[in-house]
Amino acid sequence: MPEDGLTSPNGAAAPDFIVRPRSAADLEACRPTAELVQRVDGYPGAAVADIVDFMSCPDAYAAWVAVAGPDIIGHAVLKPSAAPGVLELACQASGRGADAMAVVGRLWVAPDHRRRGVARSLLATAVAAAHEAGLWPLLDTVATNARSIALYESAGWVRLGTVDVTFSGGLRLLLVAFLGPMPPAAGEPVQEAAPGGDG
Ligand SMILES: CC(C)(COP(=O)(O)OP(=O)(O)OC[C@H]1O[C@@H](n2cnc3c(N)ncnc32)[C@H](O)[C@@H]1OP(=O)(O)O)[C@@H](O)C(=O)NCCC(=O)NCCS
């Protein structure tokens, strides 16, 4: 451990946050920041009435928080379900069945802690967990979310195309589907996006 606790042996600045599994108590503790993100960034949209309910994802394989000191500054889950059409697109591109896939979602970072690699760390943690379970990660984001698209592209995720989804209640969203890194044991290359996608 370096003397100042901030500098790694190779001289790079150590992150001032950690990523750890989410506890039950973390969910309510996240509420003010998650509500802030919803208000400021519009993620998730206003149709989501209870942000804690949205984040909880009872069917999630795993969930994590990023923590800086006493504060929860980021969140992500790994889950089996995606918006209609997204999982199908990823299965088509990967050549795998839905039960071999895992969806990264509920990803956000507190506005005051952005551009410090927090989302990149949460994403890498979710990818590692998916791979450990032999699953191939995928995700989606709304097509207007330039920051998240930049994040996924910078992390090497493959853009598959767009999916026009109408949710119950009539909310219509254009989503961009991404396929993450292939699990090490899968052994087959990611296929090209199908013609007609905007990938
Ligand atoms: C998208 C979001 C999660 C990114 O979080 P973050 O912690 O700031 O992202 P990181 O610091 O890990 O960024 C990693 C890379 O992503 C890209 N990126 C992230 N934010 C970006 C931005 N505002 N503009 C351009 N590129 C960006 C960059 O390549 C960045 O690397 P760099 O900083 O070395 O250039 C955050 O802006 C957020 O919470 N937005 C609101 C909620 C949301 O949209 N969630 C995603 C739902 S799909």
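Residues numbered from 1 in each chain as written. Predicted model: local features only at pLDDT ≥ 70, side-chain atom pairs only at ≥ 80, totals over all residues.

### Focus: the nonpolar core
Next, step 1: Of all hydrophobic cores here, the largest spans 50 residues; its most connected members are Ala 90, Leu 122, Leu 138, Ala 177 and Phe 178.
Next, step 2: Dropping the residues within four chain positions of it, Leu 138 is found in contact with Ala 82, Ala 90, Met 101, Val 103, Ala 177, Phe 178, Leu 179 and Gly 180. (Core = buried A, V, L, I, M, F, W, Y, C linked by C-beta atoms within 7 Å. Buried ≥ 20, exposed ≤ 12 C-beta atoms within 10 Å, placed from the backbone. Contact = placed C-beta atoms within 7 Å.)

### With respect to unusual backbone geometry
Next, step 1: The peptide bond linking Tyr 43 to Pro 44 adopts the cis configuration, its omega dihedral lying at -10 degrees.
Next, step 2: Here Pro 44 is to be found in the loop between α1 (24–41) and α2 (51–56).
Next, step 3: The backbone of Arg 106 shows a phi angle near 55 degrees, a positive value even though the residue is not glycine.
Next, step 4: Within the fold, Arg 106 resides in strand β4 (residues 101–109).
Next, step 5: Positive phi values are uncommon outside glycine, yet Arg 115 reaches one of about 60 degrees. (Helix = DSSP H or I, 4+ residues; strand = E, 2+ residues; numbered from the N terminus.)

### Looking at helix α4 (residues 118–132)
Next, step 1: The terminal C-alpha atoms of α4 lie 21 Å apart, and with 15 residues this matches the ideal 21 Å at 1.5 Å per residue to within 8%.
Next, step 2: Burial in α4 covers these residues: Val 118, Ala 119, Leu 122, Leu 123, Ala 126, Val 127 and Ala 130.
Next, step 3: Buried residues belonging to α4 abut β1 (18–21), β2 (62–68), β3 (71–79), β4, β5 (136–142) and α5 (146–154). (Expected span 1.5 Å × (residues − 1).)

### Section: the confidence of the model for the protein chain
Next, step 1: With 86% of its residues at a pLDDT of at least 70, the protein chain reaches an overall mean of 89.
Next, step 2: Across residues 1–8 the pLDDT falls below 50, and counting only partners more than four positions away or on other chains, this stretch makes 8 contacts in the model.
Next, step 3: Low pLDDT, under 50, characterises residues 189–199; the stretch is placed with 21 contacts to residues that sit more than four places away or in other chains. (pLDDT = per-residue confidence, 0-100.)

### Quick word on helix α3 (residues 86–94)
Next, step 1: Of all the positions in α3, only Val 86, Leu 87, Leu 89, Ala 90, Ala 93 and Ser 94 are classed as buried. All buried residues of α3 fall inside an arc of 160 degrees around its axis, so they share one side.
Next, step 2: On its buried face, α3 is in contact with β4, β5, β6 (158–166) and β7 (172–179).
Next, step 3: Looking at the residues trailing α3, positive phi occurs at Gly 95, about 75 degrees. (Arc of directions from axis to C-beta.)

### A look at the sheet that holds β2
Strand pairing within a sheet occurs via backbone hydrogen bonds; the two strands may be parallel or antiparallel.
Next, step 1: As summarised here, the arrangement of the 7 strands in space is β1-β2-β3-β4-β5-β7-β6, forming an open sheet in which the pairing is mixed. Looking at the sheet topology across the chains shown, the edges are occupied by β1 and β6. Neighbour-to-neighbour, the strand axes of the sheet open up by a mean angle of 30 degrees, direction not taken into account.
Next, step 2: Pairing of β1 with β2, which is carried by 4 bridges, proceeds in the antiparallel orientation. Across the sheet, residue Pro 21 finds its bridge partner in β2, namely Trp 64. (Pairing = 2+ DSSP bridges. Axes fitted to C-alpha atoms, helices over the stretch in contact; angles between N-to-C directions.)

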